[in-house]
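# Commentary on secondary and tertiary structure
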Amino acid sequence: MKPVPHATSLRRAPVQRRSAERLTRILDACADLLDEVGYDALSTRAVALRAGVPIGSVYRFFGNKRQMADALAQRNLERYSERVTQRLKGARRGDWRAAMDAVLDEYLAMKRTAPGFSLVDFGNQIPVGARRAEPNHRVADRLTDLLSGYLDRTPDDDLRRTFLIAVEAADALVHLAFRVDPQGDESVIAEARELLRAYLERVLD
């Protein structure tokens, strides 16, 4: 099972600090507007206006709103990875239960608080990116790279498959929890946690 290539939707990567800050403002504006108007009503012009940049600045980085949303999904994954890494700094190495809690808890926290995340996620909610860069495969690949050293495991096909199955199961159940309750139904989340523990215990213990 080969890692999924990292997708990129930027027409041009920012080089100077000012350009990077402008890209950040554009993605922040995109996230805020997704929460306010949804994906269908999102427009590059509205994003430029909210970000306080010329429309040409948006098109310098993105050809359309789909590419912009995909870039936001990629940024979400980067921030998620950073949060999980920070969370595990104080945990005992090799403790897959602590790793699982960090992975699930940080995802739930972003689901509840990160602007635009409920629509874009890591790319699951709207049709962004290429088929070869399916969001759950990207997340599983990132977790394999992130956690293999912490768990003292070889990042081989078996571990990659294990994380992909866990990510697919968690994704389905977390989305169910947020369909039941906008803040995430705690009983469904508890069941998801137990299901993941049972599966990972059989595979990782």
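Description of the structure in this document. What you are looking at is a predicted structure, and each value in this text was computed from that prediction instead of being measured.

Within the secondary structure layout, alanine 69 lies in helix H4 (residues 65–88). Counting along the chain gives 47 residues from alanine 69 to glycine 116, while the straight-line C-alpha distance between them is 9.3 Å.

Moving on: the pattern of salt bridges. One pass over the full model with this rule turns up 19 salt bridges. The salt bridge partner of arginine 50 is glutamate 36, with a shortest N-O separation of 2.9 Å. Separated by 14 residues along the polypeptide, arginine 50 in helix H2 (residues 44–51) and glutamate 36 in helix H1 (residues 17–37) bring together distant segments of the chain.

Okay, the packing of aromatic side chains next. Inspection of the entire model under this criterion finds six aromatic pairs. Ring centres of tyrosine 80 and tyrosine 107 lie 6.4 Å apart, and the angle between their planes is 80 degrees; on these two criteria the pair is classed as edge-to-face. A residue pair is termed long-range when its members are at least 10 positions apart, and tyrosine 80 in helix H4 and tyrosine 107 in helix H5 (residues 96–113) qualify at 27 residues. Neither residue differs from the other here; tyrosine 80 and tyrosine 107 are each classed as buried. Measuring from centroid to centroid gives 5.8 Å for tyrosine 107 and phenylalanine 117, while their planes differ by 65 degrees, and the two rings are edge-to-face. Residue tyrosine 107 is found in helix H5, and its partner phenylalanine 117 is found in helix H6 (residues 117–120); the two are separated by 10 residues along the sequence. Exposure class is identical for tyrosine 107 and phenylalanine 117. Each is buried. Three or more aromatic residues link up through ring pairs in this structure, and these residues are Tyr80, Tyr107, Phe117 and Phe122.

Cut-off values and rules
Residues numbered from 1 in each chain as written. Predicted model: local features only at pLDDT ≥ 70, side-chain atom pairs only at ≥ 80, totals over all residues. Heavy atoms only, no water. Helix = DSSP H or I, 4+ residues; strand = E, 2+ residues; numbered from the N terminus. Salt bridge = Lys/Arg side-chain N within 4 Å of Asp/Glu carboxyl O. Phe/Tyr/Trp six-rings, centres within 6.5 Å; stacked < 30°, edge-to-face > 60°. Buried < 20%, exposed > 50% of the residue type's maximum accessible area, 1.4 Å probe, protein only.

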